Amino acid sequence: MPRTVALDLPDLSATHALAARLARLLRAGDAVLLEGPLGAGKSELARAVLRAAAGDPALEVPSPTFTLVQSYDLPAGPAHHFDLYRLDGPEGLAELGWEEAREGIVLVEWPERLGNERPEGALTVTLKPLAAEEARHVTLSGWDERLGALAA
Amino acid sequence: MGAEGGFDLDRPVLGLESSCDETAAAVLAPDGRILAEGVLSQEKEHAVFGGVVPEIAARAHLEALPGLAERVLRRAGLGFGDLGAVAATSGPGLIGGLIVGACFGKGVAIAHDLPFVAVNHLEAHALTARLPGLLPQGAPAFPYLLLLVSGGHCQCVAVEGLGRYRRLGSTLDDAVGEAFDKAAKLMGLPWPGGPHLERLAAEGDPQAVPLPRPLLGRPGCDFSFSGLKTAVARAVAQGSASHADIAAAFQASVAAVLADRARHALEMVPEATGIVVAGGVAANQAVRAALAGVAGIAGVPMLAPPLRYCTDNAVMVAWAGIERLRAGLTDRMDHSPRPRWPLADLTGG
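Residues numbered from 1 in each chain as written. Chains lettered and ligands numbered in written order. Predicted model: local features only at pLDDT ≥ 70, side-chain atom pairs only at ≥ 80, totals over all residues. Heavy atoms only, no water.

This part covers the environment of Ala151 of chain A. Residue and element names in this part refer to chain A. Among the secondary structure elements, Ala151 is positioned in helix 4 (residues 144–151). For the pair Ala151 and Tyr72, spaced 79 residues apart in the sequence, the C-alpha separation amounts to 25 Å. Among all residues touching Ala151, those that are not within four sequence positions of it are Val5, Leu7 and Arg21. (Helix = DSSP H or I, 4+ residues; strand = E, 2+ residues; numbered from the N terminus. Contact = heavy atoms within 4.5 Å.)

Pasting the structure below:
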């Protein structure tokens, strides 16, 4: 059973601070799975992580919904931002270059579609909107040895 | 061939499009007349899955494209041997579909010893307005503005000449068509969401629900729709407003933002001769009315090609091919399809 940490992010700057901590901990082979309903802020978090990891606050990070995957060259190695919203199962993953992408860093929205391909040792980030506009409840699960540093 | 003179085109050009969900082929005469065209929409197939892409469409393109190209040629009374060139979308888009279209196009070109043009999908949208006879007002002169508003793209471009494009702004997060689809999904509407949302909005009061108008009034020409989507999610979850009112407010917000961005674009390029609207969102009447208003105030025409030529199609690909061939621009057979291919990377004649 992986450890789980729950955090309340009161505003966007708290979300961005979490993203910056996550970016510092990322290394090749990592999988970060982003869960939550439409509009929960999955893409926002992924965007903030990629910008922090690239050291470029203006890095263009368009929504990958339409293209299914967008790739980035980060100082920590190649990273791939997947959005599996339009897939109905893991069958199409091979065509998206999933196996090759796993050698680098993957950020995955709608990881429910991964089925059996859901990576072991992944960090799962679950976002839930709260009453205040920018506020989110987040649970972090997996990444046992790095979870403390991430939640700090 | 040769860059100085361009091709002396005297035979038809085959255009192929497979960068996303549509498989399309078209054959155009050297002067741009449409001889035959066909689009196989995978929309019907997707509607069953609620907007989901079974097998990411690449396999569907592979099964459909060769037969479709052959049928389109036959309808024009032609065979592959009658062609003068082949143009295939080679990016940006989904890599699987791009590979299918580009490889099929190259195969035809090699087999019949024809020049091949690797067409940038965005350039094809940008040049569509120049297709002879397409617009009742006639083709706009360079420079003109292109507002591309679809499910996958949301950008405003100054079209200064063939291969000369300046991106004035683009979405910082979601594309506008994607925002329509997701807002519709949040309200439980079937896919594709845009037309369903527009019908629902007609019954609603756009003033009834306060929704944000992201970046409205900010300098420049960038777009952002993610916050608006989140606001729709919040309004739907709250449950106090009717879906019709939320849909109407959403649509009004999008129209106001697009109009504001278009106004800025016209200020950034005062010499623009018109504003061309392309992409599926151009079908939305509220968006069209708002953009026509802005264009009218600026004293330039808003040009909207017929919807089937401003959503994904192969006529625009064949036409972009003809424009490039006329300028002497062709591509080598080792040209690789590119999932990301910004307009700014292109060169022209």
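Read on, since the account is not over.
What follows concerns the interface of chain A and chain B. Tallying the contact residues gives 28 residues for chain A and 28 residues for chain B. The interface formed by chain A and chain B holds two salt bridges in total. Among the ionic pairs, Glu60 of chain A bridges to Arg167 of chain B, the shortest N-O distance being 2.4 Å. Remark: the boundary between chain A and chain B carries 12 residue pairs in polar contact (both at pLDDT 80 or more). Broken down by class, the residue content of the side of chain A that touches chain B amounts to 13 nonpolar, seven polar and eight charged. (Salt bridge = Lys/Arg side-chain N within 4 Å of Asp/Glu carboxyl O. Polar contact = N/O pair within 3.5 Å; in protein donor to acceptor, adjacent residues only side chain to side chain. Nonpolar A, V, L, I, M, F, W, Y, C, P; charged D, E, K, R; others polar.)

Right, let's get into the sheet that holds strand 6 (residues 123–129) of chain A. All names here are of chain A. Read across the sheet, seven strands follow the order 1-7-6-2-5-4-3 without closing on themselves; strand pairing throughout is mixed. The sheet is open, and its two edges are formed by strand 1 (4–9) and strand 3 (69–74), each paired on a single side. When strand polarity is set aside, the average angle formed by the axes of neighbouring strands in this sheet is 15°. Alignment of strand 2 (residues 31–35) against strand 6, held across four bridges, turns out to be parallel. Paired with Leu34 across the two strands is Val125, which belongs to strand 6. Against the sheet, helix 1 (residues 12–25) touches strand 1, strand 2, strand 6 and strand 7 (136–141), its axis set at about 140° to strand 1. Lying over the sheet, helix 2 (residues 42–54) contacts strand 2, strand 3, strand 4 (77–83), strand 5 (105–109) and strand 6, oriented at roughly 165° with respect to strand 5. (Pairing = 2+ DSSP bridges. Axes fitted to C-alpha atoms, helices over the stretch in contact; angles between N-to-C directions.)

Attention now goes to the nonpolar core. Counting 117 residues, the largest nonpolar core has Phe225 and Phe250 of chain B as its most contacted members. When residues of this core are assigned to domains, at least three map to each of domain 1 (13–129 + 309–345) and domain 2 (140–304) of chain B. Once residues within four sequence positions are removed from consideration, Phe225 of chain B is found in contact with Cys154, Thr171, Asp173, Asp174, Ala175, Val176, Ala179, Val254, Val257 and Leu258 of chain B. In this structure, Ala23, Ala40, Ala79 and Leu140 of chain A belong to the second largest nonpolar core, which totals 34 residues. (Core = buried A, V, L, I, M, F, W, Y, C linked by side-chain atoms within 4.5 Å. Buried < 20%, exposed > 50% of the residue type's maximum accessible area, 1.4 Å probe, protein only. Domains from an automatic or database assignment.)

Moving on, we get to the domain arrangement of chain B. Residues and elements named next belong to chain B. When the domains of chain B are assigned, the result is domain 1 (13–129 + 309–345) and domain 2 (140–304). Each of domain 1 and domain 2 has a C-alpha centre, and these two points are 27 Å apart. Listed per partner, the contact involves 21 residues of domain 1 and 20 residues of domain 2. Counting each side, the surface lost to burial between domain 1 and domain 2 is near 1600 Å², with a carbon and sulfur contribution of 72%. Where domain 1 touches domain 2, the interface holds four residue pairs in polar contact (both at pLDDT 80 or more). Broken down by element, the residue count for the side of domain 1 that touches domain 2 peaks at six residues, all from helix 4 (residues 121–127). Looking at the side of domain 1 that touches domain 2 residue by residue, the class counts come to 11 nonpolar, six polar and four charged. (Buried area = accessible area lost by both parts, 1.4 Å probe.)

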